[in-house]
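Understanding the architecture of this molecule
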Amino acid sequence: MDGTMTRPHDADGRTRRTVLGATVSLAAIGLAGCSSNDDGAGGGASTDEMEPTPTPTATDTPTDAMGDMTATPTEEPTETPTPTESMAAPDVPILNYALTLEHLENAFYRDGLEEFADDELMEADVLSNFGETVRMEVPEYLATVGAHEKAHVDALTATVEKLGGTPVGEGEYDFGYETPSEFLAVAQALENTGVAAYAGAAPQVVNNDILAAAAGIHSVEARHASFLNLINGDNPYPKGVDEAKSIDEVLEIAGGFVTSEVDPSVYDTGEDRPSHDRKADNDVTDVNVLNYALTLEHLENAFYREGLETFSDEQIMNADALMNFGSEVRMAVPDHLRTAGAHEAAHVSAIADTIEKLGGTPVEEATYDFGYETPSEFLGVAKALENTGVAAYKGAAPTVSNDDVFAAAIGIHSVEARHASFLNEINASSPFPKGVDEPKTMNEVKEIAGQFIVDE
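The following refers to the structure shown. (Residues numbered from 1 in each chain as written. Predicted model: local features only at pLDDT ≥ 70, side-chain atom pairs only at ≥ 80, totals over all residues. Heavy atoms only, no water.)

Before going further, it helps to spend a moment on the side chain of T100. You can see T100 is positioned in helix 2 (residues 92-115). Apart from residues lying up to four places away in sequence, T100 is in contact with V168 and Y267. (Helix = DSSP H or I, 4+ residues; strand = E, 2+ residues; numbered from the N terminus. Contact = heavy atoms within 4.5 Å.)

Here the focus is the packing of helix 4 (residues 132-162) against helix 5 (residues 180-201). Across the interface, helix 4 lies against helix 5 with an axial gap of 13 Å and an inter-helix angle of 40°. By the angle class used here, helix 4 and helix 5 are oblique. Handedness of the crossing formed by helix 4 with helix 5: left-handed. Contacts from V138, L142, V145, E149 and L156 in helix 4 reach F183, L184, E191 and Y198 in helix 5. In the contact of helix 4 with helix 5, the residues fall into 7 nonpolar, no polar and 2 charged. (Axes fitted to C-alpha atoms, helices over the stretch in contact; angles between N-to-C directions. Parallel < 35°, antiparallel > 145°, perpendicular 65-115°, else oblique. Left-handed = near helix turned anticlockwise from the far one by under 90°. Nonpolar A, V, L, I, M, F, W, Y, C, P; charged D, E, K, R; others polar.)

Running from N to C, helix 10 (residues 327-357) and helix 12 (residues 403-426) point in directions that differ by 155°, and their axes come no closer than 11 Å. With respect to helix 12, the element helix 10 is oriented roughly antiparallel. Viewed along their axes, helix 10 and helix 12 form a crossing whose handedness is left-handed. Here V329, V333, H336, L337, A340, H343, E344, H347 and I351 of helix 10 come into contact with helix 12, specifically with I412, V415, E416, H419, F422, L423 and I426. Residues that form the contact of helix 10 with helix 12 fall into these classes: 10 nonpolar, 4 polar and 2 charged.

In this section: the pattern of salt bridges. This structure, assessed with the given rule, holds 14 salt bridges. Its salt-bridge partner being E365, residue R305 comes within 2.8 Å of it at the nearest N-O pair. Highlighted residues: R305 in helix 8 (residues 286-310) and E365 in the loop between helix 10 and strand 1 (367-368), separated in sequence by 60 residues. Between E438 and K434 there is a salt bridge, with the nearest N and O atoms lying 2.5 Å from each other. (Salt bridge = Lys/Arg side-chain N within 4 Å of Asp/Glu carboxyl O.)

Structurally, V186 can be placed in helix 5. Considering only alpha carbons, one finds V186 and F108, 78 residues apart in sequence, at a separation of 8.9 Å.

What follows covers the packing of aromatic side chains. Where two aromatic rings form a pair, the distance of their centres and the angle of their planes describe that pair. Within this structure, the stated rule accounts for 23 aromatic pairs. Residues Y141 and F432 carry aromatic rings whose centres are separated by 5.5 Å and whose planes lie at 70° to one another, so their mutual orientation is edge-to-face. In this pair, Y141 sits in helix 4 while F432 sits in the loop between helix 12 and helix 13 (442-450), placing the two residues 291 residues apart along the sequence. Taking 6.0 Å as the distance between ring centres and 85° as the angle between the ring planes, the aromatic pair formed by F227 and F432 counts as edge-to-face. A residue pair is termed long-range when its members are at least 10 positions apart, and F227 in helix 6 (residues 208-231) and F432 in the loop between helix 12 and helix 13 qualify at 205 residues. For the residue pair F227 and F432, the accessibility class agrees, reading buried in each case. (Phe/Tyr/Trp six-rings, centres within 6.5 Å; stacked < 30°, edge-to-face > 60°. Buried < 20%, exposed > 50% of the residue type's maximum accessible area, 1.4 Å probe, protein only.)

Here it is as structure tokens:
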């Protein structure tokens, strides 16, 4: 599967269009095409942050405009707070668009998990090459994903109502699967298309509170997609920048599953939309934000470069942290780490080039001490770095004023989440511990990153 929503037996895939625009394309078009040559598996993610030890934990719990959608299969969705006065009705069509997709995903998991028993899912043909650890996780993780989608539906519905709009309702669907393997294939397609949909819609959001919540859902969709790519035998993060789809493109794909009537007028954003309010009320420029991102990308790039020089493939595959996994996962880990490292190197080059083209001076790579001594500790620090990267991009993206820079940042944001999902999985953590990823401020992330920097 390439991330597009096609029926299990569809032969013709769809090509997702790139999101990078005129300004950033000079530096980042090559980045958008940065893809992996490995065809193994991967999965997993967490909101752990970078602390002095290899396996730190996150502590901040910010409140998003659409609620803290952190439901698990046994939790009720958090009550949605009343929107602030700055939340304007122009975002209702975008919210209804997102709600349409979340209805689709919610119904898919609800119906599929009623149809297939846990043991049927665990014995799906597509999982036959995996060991018991991964196969036994699948039903529980699918239930968690379904709970996330249900929480998204509830929160989006409440937000549309509080903005004075009419939420779109659930439709009628035919997902076309007959076997557990086909069900897992459609799940992969739905989640990857969800990533592209949020990336395409985010630049159109007017209100920053809504944008922050949408960015947190976007990266969770990417975490879901990474795990589903894993269990379908595909690369968890096939590109260095996730691509976007327009509303029309996504609705056309979704229409392949919708059997009820759809009124497209509810998604009409109109021609006289107010401009976004992404720019923070301070003197932080887009170049400042890009240099902040570059600091993190230098850190991650150096981490993978040095770690993969320190440990051989055999040492990594035999890391204590991987002992509960079968050979399918363990053998894929070194190549997936190299791919993540290649993505970070590409991010460094593209962001530095963009800063220069915007008239700024890119920050240089520093000297670092990552504190690991064993392959397992290396994997633990990798997990922490990637999850902190997700929080950093989520926190910074709503402060970017340039549309093209913002679009590229959103595309990197979800790739960091895909990396984090894989690193969480191999560190025996949930690939997607929350329904909405949480942000960190620049100061918070700089303080965390500073613990690894020994010479700037």
